[in-house]
Amino acid sequence: QVQLVESGGGLVQAGGSLRLSCAASGRTFRQYAMGWFRQAPGKEREPVAAISWSGRPYYTDSVKGRFTVSRDNAKNTVYLQMNSLKPEDTAVYYCAADLEVVHLTSSPPKVDYWGQGTQVTVSV
């Protein structure tokens, strides 16, 4: 069992930055691939970024060059650094964990564990 708790969301102006964190419980964290999804009002939940157990990152095209996913296995934490934010990045961001990284890059998502979500709002 893995429990995920996100933090770091908030309100930021376009062009600004935020860093999301996701703290995971459990001793098996390093075995899991970790990912971030987002869901805007009226839209489906979509993958944003993922990182394999070995540290290989994956990004959806719309965030490449702006977002960076990383993990600290010693702290059981995964991060999403978001730079050059745009209003279209506004959404609830969810942390996810799965033994298969491909599940963290798929839509619709098929994921073992979810966090509760954190709101990110980017104003013009």
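Conventions adopted
All residue numbers here refer to positions counted from 1 along the written sequence of the relevant chain. Only residues with pLDDT of at least 70 get local features here, since the model is predicted, and only at 80 or more are side-chain atom pairs given and counted; chain-wide, interface and lining totals rely on the full set of residues. With hydrogens and water excluded, all non-hydrogen atoms of the structure serve as input to the side-chain values. Salt bridges, as used here, are contacts in which a Lys or Arg side-chain nitrogen is within 4 Å of a carboxyl oxygen on Asp or Glu. Only DSSP runs of H or I with at least four residues qualify as helices, and only runs of E with at least two residues qualify as strands; both kinds are numbered from the N terminus onward. For every residue, the accessible area (1.4 Å probe, protein chains only) is compared with the maximum for its type, and the residue is labelled buried under 20%, exposed over 50%, or partly exposed between those bounds. The criterion for strand pairing is that DSSP finds at least two bridges linking the strands in question. To define axes, lines are fitted to C-alpha atoms, for helices over the stretch in contact only, and angles between the resulting N-to-C directions are given on a 0 to 180 degree scale. Nitrogen and oxygen atoms within 3.5 Å of one another constitute a polar contact, given that in protein one can donate a hydrogen and the other can accept it, and given that sequence-neighbouring residues count only through two side-chain atoms. Between two residues, a contact is recorded if the distance between any of their heavy atoms is within 4.5 Å.

Colleague: What is the right way to look at the pattern of salt bridges in this model?
Modeller: Opposite charge on two side chains lets them pair, provided their charged atoms get close. This structure, assessed with the given rule, holds four salt bridges. Of the charged contacts in the structure, one is a salt bridge between Lys64 and Asp61, with a shortest N-O distance of 3.1 Å. Arg66 serves as the salt-bridge partner of Asp89, at 2.7 Å between the closest nitrogen and oxygen. With a gap of 23 residues between them, Asp89 in the loop between β8 (77-82) and β9 (91-98) and Arg66 in the loop between β6 (57-59) and β7 (67-72) connect regions that are remote in the sequence. Take Asp89 and Arg66: they sit in the same class, and that class is buried. Here the salt bridges share partners, and the residues they tie into one network are Arg38, Glu46, Arg66 and Asp89.

Colleague: I tried to follow the sheet that holds strand β3 (residues 18-24) on my own but got confused; where do I start?
Modeller: Sheet strands line up and pair through hydrogen bonds in the backbone, either parallel or antiparallel. On the basis of which strands lie adjacent, the open sheet formed by four strands has the order β1-β3-β8-β7 and antiparallel pairing. Unpaired on one side and paired on the other, β1 (4-7) and β7 mark the two borders of the sheet. Strand-to-strand twist in this sheet, taken as the mean axis angle between neighbours without regard to direction, amounts to 15°.

Colleague: In this structure, what is going on with the pairing of β8? I would like to understand it.
Modeller: Both faces of the sheet carry side chains from a regular strand, because those side chains alternate between them. For β8, the buried fraction is high: five of the six residues fall into the buried class. Pairing between β3 and β8: six bridges, direction antiparallel. Along β8, the bridge assignment pairs Cys22 with Val78. Summarising the sheet, β7 and β8 pair through six bridges and their orientation is antiparallel. Pairing of Val69 across the sheet is with Leu80, part of β8. Between β7 and the antiparallel strand that follows it, β8, lie four residues; Asn76 among them carries a positive phi value of about 50°.

Colleague: What exactly am I supposed to notice about the side chain of Thr77 here?
Modeller: Tracing the backbone shows Thr77 in strand β8. Residue classification places Thr77 among the buried residues on the basis of a relative accessible area of 9%. Polar contacts involving the side chain of Thr77 include one to the main-chain carbonyl oxygen of Lys75, which spans 2.8 Å. Those residues in contact with Thr77 that sit more than four places away from it in its chain are Ser21, Cys22, Ala23, Phe29, Ser70, Arg71 and Asp72.

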